[in-house]
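Structure at a glance
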2 protein chains.
Amino acid sequence: MGKVMVVGIGPGDPENMTLRADRALRNCDVIVGYHVYVDLVRDRYPGKEFLTTPMTQEARRCELALELAREGKNVAMVCSGDSGIYGMAALVYELRGENPSPEVEVIPGLTAACSGAALLGAPLTHDFAVISLSDRLTSWETIEKRLEAAADADLSIALYNPASRGRPDYLSRACGILLRRLPEDRPCGIARNIGRAGESREILTLGQLRRAQVDMFCTVFIGNASTKVIGGELVTPRGYRHG
Amino acid sequence: MGKVMVVGIGPGDPENMTLRADRALRNCDVIVGYHVYVDLVRDRYPGKEFLTTPMTQEARRCELALELAREGKNVAMVCSGDSGIYGMAALVYELRGENPSPEVEVIPGLTAACSGAALLGAPLTHDFAVISLSDRLTSWETIEKRLEAAADADLSIALYNPASRGRPDYLSRACGILLRRLPEDRPCGIARNIGRAGESREILTLGQLRRAQVDMFCTVFIGNASTKVIGGELVTPRGYRHG
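Residues numbered from 1 in each chain as written. Chains lettered and ligands numbered in written order. Predicted model: local features only at pLDDT ≥ 70, side-chain atom pairs only at ≥ 80, totals over all residues. Heavy atoms only, no water.

A closer look at the confidence of the model for chain A
In regions of low pLDDT, the predicted coordinates are not meant to be interpreted in detail. The test is simple: As a per-residue measure, pLDDT tells how confident the predictor is, with possible values from 0 to 100.
Of the residues in chain A, 98% reach a pLDDT of 70 or more, and the chain-wide mean stands at 95. Reported confidences for the modelled complex are a pTM of 0.96 and an ipTM of 0.96.

What follows is the structure, encoded as structure tokens:
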């Protein structure tokens, strides 16, 4: 019996994966994943078997990995960012069910909250919420409630999936909700194409963010009440200076 | 002029750092940090200059790194987990001030929300909040409000700093607040000594968590309304099976 390793490869460039993830990909027999993520690592691991499935075939991809492990192969399923944060790890466990075989190992990676924050400065130094604006698997009402709760509790916020072709205005709607509670000049940031060609960052106010252009390769950050722009960086102090 | 790299080394074992962090530590002149974190990497980078400061000397440590960079050295300041999440990156930017010199580069690392979740299964597959129970730099009233907001909005929660010698009962107090809103049987988990000797995990209910023993090397996870224990793993489904 082989095993399934659910590997977070971090954002884009293989430089952003951990030594443990790199070792897992070097030692496995098969690398499975959405073709965009498999293509990010293909050149680095020559001689492996590569299997890809389309974006909406998540369950099929996990079943495939489990089947290959039952046939004796050591399978690495690659996920962008962290394999546990909006990743495939939970679905692999769900599909495996109550019998804990084949073995599953979740190998975490840098999620966009961490890598995007580093690109913008240090906006998540204090308590924060991570919220996806995709309503493919969550109702908009739930998303709205979470945005309101985070704003009311003065949590910094990392927004995943701020827009896609089918929902170009979701970030604007989210900003509208936040602006009922937070000031127009609240410092915010957009991290684009983290770790990939075209990586860039933009620091702006919440009022400006409402009209900003974003796509599915953006991660958006909303500061808390203490967040400032210092030396061109988006910074949420933790308070050590006065601690 | 040298630069300051604020490097998240992930949890414990250097295997958990990224290739980029490893390269930064290989290429720097000086490694600065709290002695416990410096000791984790000391053997891996022979020939470097190592400088350590005590735990409560965070500002002194950052000033030292900036001074060394001004003297022309390339400095890596090591932080456990991610350098931006409850790490030193914000303080370095604060102390550097409005003049963006010397150059500062934040190199993110695996934060305990990611690495602890992977150890327990996949409890953070959906929206979540990260909240520290340390009231050294935050009022308990604020912490309480954030716990309430996260519970009301059905966010999964990762609790950092659930206890220390000076506040052994804080996790119990936090669970008491959560239990006013969440059921006794809500699945939870404790990740202990992630990536270090003595690494272990415990899956339990919120009712049991209230009486659990934790220390400063623990990260605690509270599931959302969908979180289940499946095959011995703590799993928050994202909904792909029905998506």
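With respect to the sheet that holds strand β4 (residues 75-79) of chain A
Residues and elements named next belong to chain A. For clarity, the cut-off: Pairing between two strands is assigned when DSSP locates at least 2 bridges connecting them. Strands are runs of DSSP state E lasting at least 2 residues, helices are runs of H or I lasting at least 4, and numbering of each runs from the N terminus. Helix axes are fitted to C-alpha atoms over the stretch in contact, other axes to C-alpha atoms as well, and angles between N-to-C directions run from 0 to 180 degrees. A contact between two residues is defined here by any heavy atoms of the two lying within 4.5 Å.
Spatially, the 5 strands line up as an open sheet ordered β3-β2-β4-β1-β5, and their pairing is parallel. Strand pairing shows two members of the sheet lacking a second neighbour, β3 (49-53) and β5 (103-107), which therefore form its edges. Direction aside, neighbouring strands of the sheet carry axes that sit 20 degrees apart on average. As paired strands, strand β1 (residues 3-8) and β5 are joined by 5 bridges and run parallel to one another. The residue bridging Val4 from the neighbouring strand is Val104, located in β5. Where helix α1 (residues 19-27) meets the sheet, it contacts β1, β2 (30-34), β4 and β5, and its direction lies at approximately 140 degrees from that of β5.

Comments concerning the nonpolar core
Spelled out, the test is: Nine residue types can take part in a nonpolar core, namely buried Ala, Val, Leu, Ile, Met, Phe, Trp, Tyr and Cys, and a core is a set of them joined through side-chain atoms within 4.5 Å. Partly exposed residues are those whose accessible area sits between 20% and 50% of the maximum for their type, while under 20% is buried and over 50% is exposed, using a 1.4 Å probe and protein chains only.
Counting residues in hydrophobic clusters, the biggest one holds 64 residues, and the most contacted among them are Leu209(A), Ile222(A), Leu209(B) and Ile222(B). Once residues lying within four places of it in the same chain are set aside, the contact partners of Leu209(A) are Leu171(A), Cys175(A), Cys188(A), Ile190(A), Leu204(A), Val220(A) and Ile222(A). Counting 36 residues, the second largest nonpolar core, distinct from the first, contains Ala117(A), Leu124(A), Phe221(B) and Leu234(B).

Let's talk about the packing of helix α3 (residues 58-70) of chain B against helix α4 (residues 89-96) of chain B
Residues and elements named next belong to chain B. To keep it simple, the criterion reads: Less than a right angle of anticlockwise turn of the near helix away from the far helix marks a crossing as left-handed, whereas a clockwise turn marks it as right-handed. Any residue that is not Ala, Val, Leu, Ile, Met, Phe, Trp, Tyr, Cys, Pro, Asp, Glu, Lys or Arg is counted as polar, Gly included; the first ten are nonpolar and the last four charged.
Running from N to C, α3 and α4 cross one another at 65 degrees; their axes reach a closest spacing of 9 Å. α4 is crossed by α3, and the crossing has right-handed handedness. Seen from α3, the contacting residues are Glu58, Ala59, Cys62, Glu63 and Leu66; seen from α4, they are Leu91, Val92, Leu95 and Arg96. Here the contact of α3 with α4 is composed, by residue class, of 6 nonpolar, no polar and 3 charged.

With respect to the packing of aromatic side chains
Just so we agree on the cut-off: What counts as a ring pair is set by centres within 6.5 Å for rings of Phe, Tyr and Trp (its six-membered ring), and what kind of pair is set by the plane angle: stacked under 30 degrees, edge-to-face over 60, tilted for all other angles. Only when the NZ atom of a Lys or the CZ atom of an Arg is both within 6 Å of the ring centre and within 35 degrees of the ring normal do we say a charge sits over the ring.
Counted according to the given criterion, the structure contains 6 aromatic pairs over all chains. Ring geometry for Tyr34(B) and Tyr37(B): centres 5.2 Å apart, planes at 80 degrees, overall edge-to-face. In this structure Tyr34(B) comes out as buried when scored by relative accessible area, which is 15%. Sitting above the plane of the Phe50(A) ring, Arg42(A) keeps its charged end 5.0 Å from the centroid.

Brief notes about the relation of the copies chain B and chain A
The cut-off we apply is this: Residues reaching a pLDDT of at least 70 in both copies supply the C-alpha atoms on which the copies are superposed by least squares.
Overlay of chain B on chain A (RMSD 0.0 Å): rotation 180 degrees, translation along the axis 0.0 Å. Here the two chains are linked by the operation of a two-fold rotation axis. Take the interface residues of chain B: 100% of them recur as interface residues in chain A, which is what a same-surface contact looks like.

Focus on the side chain of Thr227(A)
All names here are of chain A. Operational definition: We call two N or O atoms a polar contact when they sit within 3.5 Å, provided that within protein one can donate a hydrogen and the other can accept it, with sequence-adjacent residues counted only if both atoms are side-chain atoms.
Relative to the elements of secondary structure, Thr227 occurs in the loop between β11 (218-222) and β12 (228-230). A relative accessible area of 6% places Thr227 in the buried class. A polar contact of 2.8 Å, which involves the side chain of Thr227, links it to the backbone nitrogen of Asn224. In terms of polar contacts, Thr227 uses its side chain to reach the side chain of Thr236, at 2.7 Å. Those residues in contact with Thr227 that lie beyond four places of it in its chain are Ser156, Pro187, Leu234, Val235, Thr236 and Pro237.

So, empty space enclosed by the protein
To keep things clear, this is the line we draw: Buriedness for pockets is judged along seven lines, at least five of which must meet protein on both sides within 12 Å for an open set on the 1 Å grid over protein atoms alone, while cavities are sets there where a 1.4 Å probe fits but cannot get out, and lining residues have an atom within 4 Å of a point. Grid points are joined across faces, edges and corners, and a volume is the space filled by probe spheres set on the points.
On inspection of all chains with the given rule, the structure shows 3 cavities of 30 Å³ or more. Reported here for the largest cavity is a volume of approximately 50 Å³. If you go around the largest cavity, the residues you meet are His126(A), Asp127(A), Arg238(A), Tyr86(B), Ser132(B), Ser134(B), Arg136(B), Leu137(B) and Thr138(B). Across the lining of the largest cavity, the residue classes break down as 2 nonpolar, 4 polar and 3 charged. In this structure, the second largest cavity spans a volume of roughly 40 Å³. Forming the walls of the second largest cavity are Ser132(A), Ser134(A), Arg136(A), Leu137(A), Thr138(A), His126(B) and Arg238(B). Residue composition of the lining of the second largest cavity, grouped by class: 1 nonpolar, 4 polar and 2 charged.

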